[in-house]
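# A structural walkthrough
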Amino acid sequence: MSSGHSIDPSLYRERDRVPVRRALVAVSDKRGLVELASALVDAGVEIVSTGGTSAAIAEAGLPVTQVASVTGYPEHLDGRVRTLHPAVHSGLLADLRLEHHERQLAELAIKPYELVVVNLYPFAETVAAGATPDQAVEQIDIGGPAMVRASAKNHANVAVVVSPDRYDELVEAVRGGGTTLAQRRELAREAFRHTATYDIAVASYLGSVVAPDQAVDVSPFPAWVGGSWTKTADLRYGENSHQQAALYSSQGGRPGIAQAVQLHGKEMSYNNYVDADAAVRAAFDFDEPAVAIIKHANPCGIAVAAPGAADPIADAHRRAHECDPVSAFGGVIAANRTVTLGMAETVSGIFTEVLVAPAFEAEAVELLTQKKNIRLLTLPEDFSPTAVELRQVSGGMLLQQADRRFASSAEWTLAAGDPADEETLADLDFAWRACRAVKSNAILLASGGASVGVGMGQVNRVDSCKLAVERAGDRASGSVAASDAFFPFADGLQILIDGGVRAVVQPGGSVRDEEVVAAANAAGITMYFTGERHFFH
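Calculation criteria
Residues numbered from 1 in each chain as written. Predicted model: local features only at pLDDT ≥ 70, side-chain atom pairs only at ≥ 80, totals over all residues. Heavy atoms only, no water. Helix = DSSP H or I, 4+ residues; strand = E, 2+ residues; numbered from the N terminus. Rg over C-alpha atoms; globule rule 2.2 N^0.38 Å. Buried < 20%, exposed > 50% of the residue type's maximum accessible area, 1.4 Å probe, protein only. Contact = heavy atoms within 4.5 Å. Phe/Tyr/Trp six-rings, centres within 6.5 Å; stacked < 30°, edge-to-face > 60°. Lys NZ or Arg CZ within 6 Å of the ring centre and 35° of its normal. Polar contact = N/O pair within 3.5 Å; in protein donor to acceptor, adjacent residues only side chain to side chain. Pairing = 2+ DSSP bridges. Core = buried A, V, L, I, M, F, W, Y, C linked by side-chain atoms within 4.5 Å. Right-handed = clockwise from strand over helix to strand, strands pointing away. Axes fitted to C-alpha atoms, helices over the stretch in contact; angles between N-to-C directions. Parallel < 35°, antiparallel > 145°, perpendicular 65-115°, else oblique. Left-handed = near helix turned anticlockwise from the far one by under 90°. Nonpolar A, V, L, I, M, F, W, Y, C, P; charged D, E, K, R; others polar.

A separate point is the overall build of the protein. On a plain count of helices and strands, the protein comes out with 19 helices and 21 strands. Over its C-alpha trace the protein gives a radius of gyration of 31 Å, far above what one expects of a compact globule, namely 24 Å for 537 residues. Along the longest, intermediate and shortest principal axes, the C-alpha atoms of the protein span 100 × 60 × 45 Å. The buried share among the 537 residues of the protein stands at 46%. In the protein, 58% of the contacts between residues at least 6 apart in sequence involve partners at least 24 apart.

Next up, the structure:
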């Protein structure tokens, strides 16, 4: 198999600390630029720069050499060509551990660079701002990645910096006599990750854009999927204490629980993150103020605020907690509105692992931080539920559109009994949304916009029905029920009927629908078919 150029290892001279005499600086992110340039100039470093970067340095009254004076060519083609020239890249790629590289540079009158400070055009940000395809394409950086990759490859001799977060340690190294090999190697790793993430963003975008004359694929999923994640925390352990685990944050994707800010409490665990994500997903299934309480990825209570409630989110939490107070002990709570002092007063009396919400009132934080063990998380400002879900399987992954469409009651078909009144229909609609968050097989009983009994994760629907009725107790009488999939037989429905359920919503579509409908009619209860199901495994 062919490979790159081969050089006799004995020709390499040792080189650790490299003094910085010349730097190439071209950044899209101008944070800290002038301060960096000033420090480099004070240390006697010559700065070579391009475009807006050189203008910003010059406007600060600092000396800067234009790239055009190095290459002998002006920037042209609307700035598309600036640094793509041997006079630049030879200075980046020369391996000065080799005498013949050093000799060739001298023969060509090209000076090397010991430092490159480059970050790339804001492609992802431009796309996110709603750019047209032509505008997005103009933000595909060519010269930048070439310089970054060249410098990172040659990290034996060149330090490459792609983030302003590195400027302070860089200045310290320059003032201390230069960068070490260990520093340059670490910076090179970061640089290649920077360009890899950038290329993934570009490739993903181009894979999603359809030209006007191009046939549209019937699949909503692209032929190629790429992604990058950065480790943000090592967790104490995984699902069990003998498993190691870490949290990774997606780069350029939609923000979520991984980007939540922790206001209080000990470190989040693996299970905390899993349950918090499930709780947020359940709470944000509703447009009204809603609270979901999760235990082991399953709801033990979901509720929306009662109409006219003085403190809607506090009311939603109280009603969700009443569904199953025993299971709610040590649970994870998510609210889709700001946590008020009223809600905090109730939560403070209940052992809770995590409380996550878009925001917290200052008084709520003051009260809840008196509880040592509760973790308080705020969601990112631009949080919204994910549109696509992925799940790892051996050898690959599964992608699907997130289950966020709920057929409204106007789309349902009355299958048995009399049409429900407005209040009953509202409860059925709530139950239908809420059962989506319950692991299959799922049965959820509801009353007044709150769950009163949940049967989840059973391998047959009869057991889920029994569990829901048992947990509801006396509250099952007069409640409504939702089933995430059809009843294969009438036996499960009969358990709900015997428990006192007065109306049921379910997908329909079983070969024994007639038998199930007959049981509903015989009991005199109302039953609707939605024509859609909400399995959740």
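Here we take up the packing of aromatic side chains. The geometry of an aromatic ring pair is captured by the separation of the ring centres together with the interplanar angle, meaning the angle of the planes. The final tally for this structure, using the stated rule, is four aromatic pairs. Arranged with centres 5.1 Å apart and planes meeting at 55 degrees, the rings of F329 and F351 form a pair that is tilted. With F329 in the loop between α13 (325–328) and β11 (331–335) and F351 in the loop between α14 (341–347) and β12 (352–357), this pair connects stretches of sequence that are 22 residues apart. Directly above the ring of F536 sits K439, whose terminal nitrogen or CZ lies 5.2 Å from the centroid.

Within the secondary structure layout, R461 lies in helix α17 (residues 461–472). Residue classification places R461 among the buried residues on the basis of a relative accessible area of 7%. A polar contact of 3.3 Å, which involves the side chain of R461, links it to the backbone oxygen of A442. Only 2.9 Å separates the side chain of R461 from the side chain of S483, close enough to count as a polar contact. The contact partners of R461, leaving out residues within four places of it in the chain, are N441, A442, I443, S483, D484, A485, F486, F487, P488 and F535.

Looking now at the pairing of strand β18 (residues 450–455). Counting buried positions along β18 gives six out of six residues, so the element sits mostly inside the fold. Of the strand pairs in this sheet, strand β17 (residues 443–447) and β18 are connected by five bridges, and their pairing is antiparallel. Each residue of the ladder has a partner; that of I443, found in β18, is G455. Joining the antiparallel neighbours β17 and β18 is a turn of two residues, in which G448 adopts a positive phi near 65 degrees.

Our next topic: the nonpolar core. In terms of nonpolar packing, the biggest core is built from 50 residues, with I257, V280, I302, L428 and L444 touching the most fellow members. Looking at this core, the element that brings in the most residues is helix α11 (residues 270–283), giving seven residues. Contacts of V280, omitting those with residues within four sequence positions, involve I257, A334, V356, L379 and F383. If you look at the next biggest cluster of nonpolar residues, it comprises 26 residues, including F487, V501, V516 and M527.

Here the focus is the environment of R185. Mapped onto the elements, R185 comes out in helix α10 (residues 181–208). The spacing of R185 and N157 is 28 residues in sequence and 10.0 Å in space, taken between C-alpha atoms.

For the bond from S440 to N441, the omega torsion is -5 degrees, close enough to zero to count as cis. Looking at the secondary structure, you find N441 in the loop between α16 (422–434) and β17. Within the chain, A109 stands out as a residue other than glycine whose phi angle is a positive 60 degrees. Overall, A109 belongs to the exposed group, its relative accessible area being 68%. A positive phi angle, near 55 degrees, is found at H296, a position not held by glycine. Along the chain, H296 turns up in the loop between β9 (290–295) and β10 (298–304). Accessibility expressed as a relative area gives 68% for H296, which makes it exposed.

We now examine the side chain of D285. Relative to the helices and strands, D285 is located in the loop between α11 and β9. Since its relative accessible area comes to 2%, D285 is described here as buried. Non-local contacts of D285, meaning those with residues more than four positions away in its chain, are made with R404, F406, R433 and R436.

With that settled, consider the pairing of strand β13 (residues 375–378). The two faces of β13 match: R375 and L377 on one face and L376 and T378 on the other face are all buried. The pairing of β12 with β13 spans four bridges and is classified as parallel. When the bridges of β13 are listed, V354 appears paired with R375. At this point the chain moves from β12, through helix α15 (residues 362–368), to the parallel β13, and the crossover so formed is right-handed.

The description of two helices packed together rests on the angle between their axes and the distance between the axes. Following both chains from N to C, one finds helix α18 (residues 490–499) and helix α19 (residues 513–523) inclined at 20 degrees, their axes separated by 9 Å at the closest point. As the angle between them shows, α18 and α19 are arranged roughly parallel. In this structure, α18 crosses over α19, and the sense of that crossing is right-handed. Here A490, L493, Q494 and I497 of α18 lie close against α19, whose contacting residues are E515, V516, A519, A520 and A523. Of the residues contributing to the contact of α18 with α19, the split by class is seven nonpolar, one polar and one charged.

None of this, on its own, says anything about what the molecule does.
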